[in-house]
Amino acid sequence: MKINIVFPRKLLEVYNDACKPLCKKLKLPQTAFDILMFFGNNPEYRTASDVVEIRRIKANLVSVNVDKLVREGYLERREAPDDRRKTLLFCTEKAQDVIEKGRMIQSIFKDTLLDGTDDASKEIFFHMLHVMEENMDNILKGDK
């Protein structure tokens, strides 16, 4: 079976289309929204460098959009307690409503993608994603 190389691009395009009405309402670029959702959904990550490394968004785009999110009150900068040169980013109270709406969009998006799939198939699919992620981690660590 061949994996269609266009699949990741289509997935991103459909996701961005799903987010567009909320981004437009909030006057947030998609990248700013993605950064906010990254911090909202992954509280273990706290720095702009994390966004660059994990989400693979270019550093200059992260910098510009983090500044916008801070100015508009969605993110707050704090000095790291263990290293004053390191800046940590935290979602503010204002961001919580946006994050909740974003999570609803993400949930509807997932449900729409899996429409017509029975529970057993979904379970196999998510199990396979987990196995593939573990395999990729092993490859990246040099174990395979």
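What comes next is a walk through the structure. In this numbering scheme, every chain counts its residues from 1 along its sequence in written order. Reporting of local features is limited, given that this is a predicted model, to residues whose pLDDT is at least 70; pairs of side-chain atoms are given and counted only at 80 or more, and all residues count toward the totals for whole chains, interfaces and linings. With hydrogens and water set aside, each side-chain value is computed from the structure's full complement of heavy atoms.

1. Description of the overall build of the chain
Each helix is a run of H or I in the DSSP string that is no shorter than four residues. Each strand is a run of E no shorter than two, and both are numbered from the N terminus. Within the chain one finds six helices and two strands. The linear arrangement of helices and strands in the chain, starting from the amino end, is α-α-α-α-β-β-α-α. Scored against the burial criterion, the 144 residues of the chain give a buried share of 26%. The contact rule is simple, with two residues in contact once any of their heavy atoms fall within 4.5 Å. Long-range pairs, those at least 24 residues apart, make up 48% of the contacts in the chain with a sequence separation of at least 6. Only the protein chains shown count as cover for residues, with accessible areas throughout obtained via the Shrake-Rupley method and a probe of 1.4 Å. Here the chain has roughly 10500 Å² of accessible surface; of this, 56% comes from carbon and sulfur atoms. His is not counted, nor are the chain ends; Lys and Arg add positive charge and Asp and Glu add negative charge. In plain terms, the charge of a residue is placed at NZ if it is Lys, CZ if Arg, CG if Asp and CD if Glu. Treating the 25 positive side-chain charges of the chain as one cloud and the 24 negative ones as another, the clouds have centres 7 Å apart. Each residue is placed in one exposure class: buried if its accessible area under a 1.4 Å probe, protein chains only, is under 20% of its type's maximum, exposed if it is over 50%, and partly exposed if it falls in between.

2. Looking at the packing of helix α2 (residues 30-41) against helix α4 (residues 59-71)
Angle between the axes and distance between the axes are the two parameters that describe a pair of packed helices. Where α2 contacts α4, the two axes come as close as 9 Å, and the packing angle between them is 75°. The angle between α2 and α4 falls in the class roughly perpendicular. Where α2 approaches α4, its residues T31, A32, I35 and L36 are matched on the opposing element by L61, V62, N65, V66 and L69. When its residues are assigned to classes, the contact of α2 with α4 shows seven nonpolar, two polar and no charged. Lines are fitted to the C-alpha atoms to define the axes, a helix being fitted only along its stretch in contact, and any angle between axes, read from their N-to-C directions, falls within 0 to 180 degrees. Each angle receives one of four descriptions, namely roughly parallel if under 35 degrees, roughly antiparallel if over 145, roughly perpendicular if within 65 to 115, and oblique otherwise. The nonpolar class holds Ala, Val, Leu, Ile, Met, Phe, Trp, Tyr, Cys and Pro. Asp, Glu, Lys and Arg form the charged class, and all remaining residues, Gly among them, are polar.

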